[in-house]
Amino acid sequence: MIKAVKLCKRFADKEVLSGIDLEINPGMIFGLLGPSGAGKTTLIKIITGQLVFESGEVKVLGKNVSELTGEDKKQIGIMMDNHGMYERMSCIDNLKIFADIYGVPYSKTVEALNAVGLAGSAKKPAMKLSKGMRARLQLARVLMISPKLLFLDEPTSGLDPVTMKYIHKLILDQKANGCTVFLTTHNMEEAAELCDEVALLNEGKIIERAAPDKVCRKYNHRKRIKIHLTTGEDIELEHDQKAGESIMKLMSDGRIETIHSSEPDLETVFIELTGRKLENAEEAEYA
Amino acid sequence: MHNTLVIIKKQLKDTLKNKTVLIQFLLFPMLTLIFEHAISIPDMPELFFTKLFSVMYMGMAPLTAAAAIISEEKEKNTLRVLMMANVKPWEYLSGVGIYVWMICMAGAGVMSTSLPASDIPFYLGVMAVGFLISIAAGACVGIFAPNQMVSTSMVMPVMLVLSFAPMLAMFNDKIEKAAGIFYTQQIRLLLNNMTFDGIKPECFVTVAVNAALAVILFFAAFRKKGLE
Ligand SMILES: Nc1ncnc2c1ncn2[C@@H]1O[C@H](COP(=O)(O)OP(=O)(O)OP(=O)(O)O)[C@@H](O)[C@H]1O
Ligand SMILES: [Mg+2]
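Each value, and the rule that gives it
- Residues numbered from 1 in each chain as written.
- Chains lettered and ligands numbered in written order.
- Predicted model: local features only at pLDDT ≥ 70, side-chain atom pairs only at ≥ 80, totals over all residues.
- Heavy atoms only, no water.
- Contact = heavy atoms within 4.5 Å.
- Buried area = accessible area lost by both parts, 1.4 Å probe.
- Salt bridge = Lys/Arg side-chain N within 4 Å of Asp/Glu carboxyl O.
- Helix = DSSP H or I, 4+ residues; strand = E, 2+ residues; numbered from the N terminus.
- Nonpolar A, V, L, I, M, F, W, Y, C, P; charged D, E, K, R; others polar.
- Near = heavy atom within 4 Å.
- Polar contact = N/O pair within 3.5 Å; in protein donor to acceptor, adjacent residues only side chain to side chain.
- Areas by Shrake-Rupley, 256 points an atom, 1.4 Å probe, with all protein chains shown as cover.
- Axes fitted to C-alpha atoms, helices over the stretch in contact; angles between N-to-C directions.
- Parallel < 35°, antiparallel > 145°, perpendicular 65-115°, else oblique.

K.L.:
Talk me through the interface of chain A and chain B; I want residue IDs and the actual numbers.
P.N.:
Facing 22 residues of chain A, the contacting portion of chain B comprises 21 residues. The junction of chain A with chain B conceals about 2100 Å² of combined surface from both sides, 59% of it contributed by carbon and sulfur atoms. Broken down residue by residue, the surface that chain A buries against chain B is led by Tyr86(A), Arg88(A) and Ile101(A), which jointly contribute 33%. Viewed at the interface, chain B and chain A are joined by four salt bridges. For Asp100(A), the salt bridge is made with Lys9(B), and the minimal N-O distance between the two is 3.0 Å. For the side of chain A that touches chain B, the secondary-structure elements that each account for two or more residues are helix H2 (70-73) and helix H3 (91-102) of chain A. No other element matches H3(A), which puts seven residues into the side of chain A that touches chain B. Split by residue class, the side of chain A that touches chain B holds nine nonpolar, six polar and seven charged.

Below is the structure:
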């Protein structure tokens, strides 16, 4: 579906992507993770033909990006955080414009609004929508065209948990319909829940790539047990026999409030791999 | 071609909602109707307001409308979405151009109601050409400006010069001469005459040069900036 070979991209003197190799198979949800400024958006822009690149090769739907025809592009849905709406127009009119362009019947616009839960706001002008509603309208705009390939750049960033869940369901529905999804996110839980495969992008390279649980298991050597004591203290123990004895003792003393065994999640794996947190890579650079 | 029609349709839907642009479209046609019917000053040349306001309309409405529409679309990042939907830049620009032209022609139609019926075809023909030049100039600004603020401040001086030159030209010969380099002043002379007979060749040359300049600037702006 998507294939990149030794892809490099630089802005002025800064190399943002240095040799990306990537292959995404049809029908899967692929998640690209990485700290802010890692080049996730840049990679999406290159794959969707919005940016040129220096060297390497990118194929989408089996063709070079520059060779995609109008018909090919009609099968590709793209939702970027910097994409806008016609503010004065209603939700339904916003969709109708693109229904006209893509040549899909208006019935699809209504279906799409229903699907994203905006049927009640169909006549509302886009400027009166809340952030979560806007995100859903944007999603309706790409879902309406029944894409074969869907790019979502941080589809849920800054949204409340309910809207987030809702959008997750829509994304999974797309997969069920045979759509291939390429998404980026900062949210590890989201990636673990949605993606068949994740790739971690750091400093221009893909440093790890596998199914989310596989990635976690691979770094499972950091299994730990966290205990919160009645005194308010937190302690962390290694997963070994000694820990068992200490826990027994604490328990019989009645000093344990809660106890967790912490499997490494994608977040901790990421920190281990890159030595930095996902959200604040830029800050770390300044520090 | 299909996409051009979609853009025109989208703009038509937006017409009543987009107050800033709507005012531009309505102002002079309404002023004309009011002034022609309500005010009569002795010794005033016949159809004075219709002719003056027509050229002011030409220098203002298409220019500001085209610039505002394109720059807003850039500022709000909707143009990007259109491009991703495989709308070609020329399809978009011609859609906006045709739309502005149509609305302005409707405005000119309203303004022509005071004219004798026999003058109307000449009047509309001349206005049609003038609008095209203004639209090219406006689109040029729209392409150049990254957002509406910049667009407004770039359009303002051009618009003032183009639309007020014909009015100021009435005050003295010097200004009239200077104003003569602009197509709006030349078109005003044409409208005063209401026929091509007896018009000096300079007039056509000036209009042609203005038109060529607008078109060249338009393509230069487009080549330099594209629609991003
Ligand atoms: N048009 C541009 N010109 C110059 N540099 C750019 C441009 N676009 C992006 N960059 C740089 O490329 C790097 C990667 O940016 P990109 O937007 O791809 O990051 P990202 O991974 O999407 O980050 P985020 O998670 O914050 O969205 C950044 O250092 C950014 O400053
Ligand atoms: Mg990004």
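K.L.:
For the site of ligand 1, give the residues involved together with the corresponding values.
P.N.:
Residue and element names in this part refer to chain A. Neighbouring ligand 1 are 13 residues, the closest being Lys14, Ser36, Lys40, Thr41 and Thr42. Between Lys14 and ligand 1, the recorded distance is 2.6 Å, taken from a side-chain N or O atom to an oxygen atom. A distance of 2.4 Å separates an oxygen atom of ligand 1 from a polar side-chain atom of Thr42. Taking 640 Å² as the accessible area of ligand 1 by itself, protein coverage stands at 61%. Listing elements by their share of the shell around ligand 1, those giving two or more residues are strand S2 (14-24) and helix H1 (40-47). For the shell around ligand 1, the leading source of residues is H1, giving three residues. Looking at the shell around ligand 1, its residues break down into four nonpolar, six polar and three charged.

K.L.:
Break down the packing of helix H2 (residues 19-38) of chain B against helix H5 (residues 89-111) of chain B for me, citing the residues and quoting the values.
P.N.:
All names here are of chain B. As a packed pair, H2 and H5 sit with axes 9 Å apart at the nearest point and diverge in direction by 10 degrees. Here H2 lies roughly parallel to H5, going by the angle between them. Together, Phe25, Phe28, Pro29, Thr32 and Leu33 of H2 and Tyr99, Val100, Ile103, Cys104, Gly107, Val110 and Met111 of H5 make up the contact between the two elements. Looking at the contact of H2 with H5, its residues break down into 10 nonpolar, two polar and no charged.

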